[in-house]
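# Residue-level structural notes
Next come the chains, spelled out residue by residue.
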Amino acid sequence: VATCAEALEGDLARGVSAGAEYVKVLGAPAESPDAAAEVEAVTAVLADQLVDPLVSRLAHVIDNTEDTSPDGSELVGRIRAVHREWRGERLTEVADDLAHFAFNRGVLAATPPDASLSWVVDFGGLPCPDAEDNNLAGGVRAGDEYPTGHVCPPAHPGCRCVLVPQPSDS
């Protein structure tokens, strides 16, 4: 996990910065986020979304492969196939989700604590009742949980919803 986090640190920091800049472009009051803390929050999900599932899948292959080849080539071939699958399919999905999460963490971090954010549903993406529930909540104070318990998107893999600062009442 640490190796993955280190490799992604710069890109995730740029995602956080882009989210913070988005708040400024919208003309909403904005604060400077602690990029390192936000990147740490994003990389905390690496174990759940990438590393643990990969280790579990590899363990399953190892435990369920009866390799009768004298050099272990059957097992090695299956392990390579799992790595190819993850590198070609799962890694791209997780990278997209992490980039999106970093952007929304930047929006959240740049929004003053007394301001509100709305969860805007991406109707072009995967249907998600959770995202729609969060949207129906209207403006939620920055850092507070939405009805589903999330503080920012994504609500599920492939979620492309965004947080949008609400105009102040003053």
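Now for a description of the structure that goes with this document. Keep in mind that this is a model prediction, so the values were computed, not measured.

## Focus: empty space enclosed by the protein
- Taken as a whole and judged by the stated rule, the model has one cavity of 30 Å³ or more.
- Among the residues forming the lining of the largest cavity, the class breakdown is five nonpolar, three polar and two charged.

## Thoughts on the pattern of salt bridges
- Within the structure shown, the criterion is met by five salt bridges.
- Between arginine 78 and glutamate 74 there is a salt bridge, and its shortest N-O distance comes to 3.5 Å. One end of the pair is arginine 78 and the other is glutamate 74, both in helix α4 (residues 73-110) and four residues apart, which spans about a single turn.
- Across the pair arginine 160 and aspartate 97 runs a salt bridge whose closest N-O atoms are separated by 2.9 Å. One end of the pair, arginine 160, is in the loop between β2 (140-141) and β3 (162-165); the other, aspartate 97, is in helix α4, with 63 residues separating them in the sequence.

## A look at the packing of helix α1 (residues 2-25) against α4
- At their nearest, the axes of α1 and α4 sit 7 Å apart, and the two run at 45° to each other. By the angle between their directions, the pair α1 and α4 is classed as oblique. Relative to α4, the crossing made by α1 is right-handed. Residue-level contacts link Leu8, Leu12, Gly15, Val16, Ala18, Gly19, Ala20, Tyr22 and Val23 of α1 to Leu98, Ala99, Ala102, Phe103, Gly106, Val107 and Ala110 of α4.
- When the residues that make up the contact of α1 with α4 are grouped by side-chain class, the tally is 13 nonpolar, three polar and no charged.

Reading guide: rules and limits
For every chain, the first residue of its written sequence is number 1, and the numbers climb from 1 along that sequence. In keeping with the predicted nature of the model, local features appear solely for residues at pLDDT of at least 70, side-chain atom pairs appear and are counted solely at 80 or more, and the whole-chain, interface and lining totals rest on all residues. Side-chain metrics rest on all non-hydrogen atoms present in the structure, leaving aside hydrogens and water. The pocket and cavity definitions rest on a 1 Å grid over protein atoms only: a 1.4 Å probe that fits but cannot leave marks a cavity, an open set with protein on both sides within 12 Å along at least five of seven lines marks a pocket, and residues lining either have an atom within 4 Å of a point. Grid points are joined across faces, edges and corners, and a volume is the space filled by probe spheres set on the points. Residues are grouped as follows: Ala, Val, Leu, Ile, Met, Phe, Trp, Tyr, Cys and Pro are nonpolar; Asp, Glu, Lys and Arg are charged; all remaining types, including Gly, are polar. Salt bridge, as used here: a side-chain nitrogen of Lys or Arg that lies within 4 Å of a carboxyl oxygen of Asp or Glu. Helix numbering and strand numbering both begin at the N terminus, where a helix is a DSSP run of H or I of at least 4 residues and a strand a DSSP run of E of at least 2. Orientation is described by axes fitted as lines to C-alpha atoms, over the contacting stretch for helices, and by angles from 0 to 180 degrees between their N-to-C directions. Oblique is the label for every angle not falling under 35 degrees (roughly parallel), over 145 degrees (roughly antiparallel), or within 65 to 115 degrees (roughly perpendicular). Working rule for handedness: look at the near helix, and if it is turned counterclockwise from the far one by less than a right angle, call the crossing left-handed; if clockwise, right-handed. Note on contacts: a residue pair qualifies if any of its non-hydrogen atoms lie within 4.5 Å across the two residues.

By themselves, these observations are geometric and do not establish any function.
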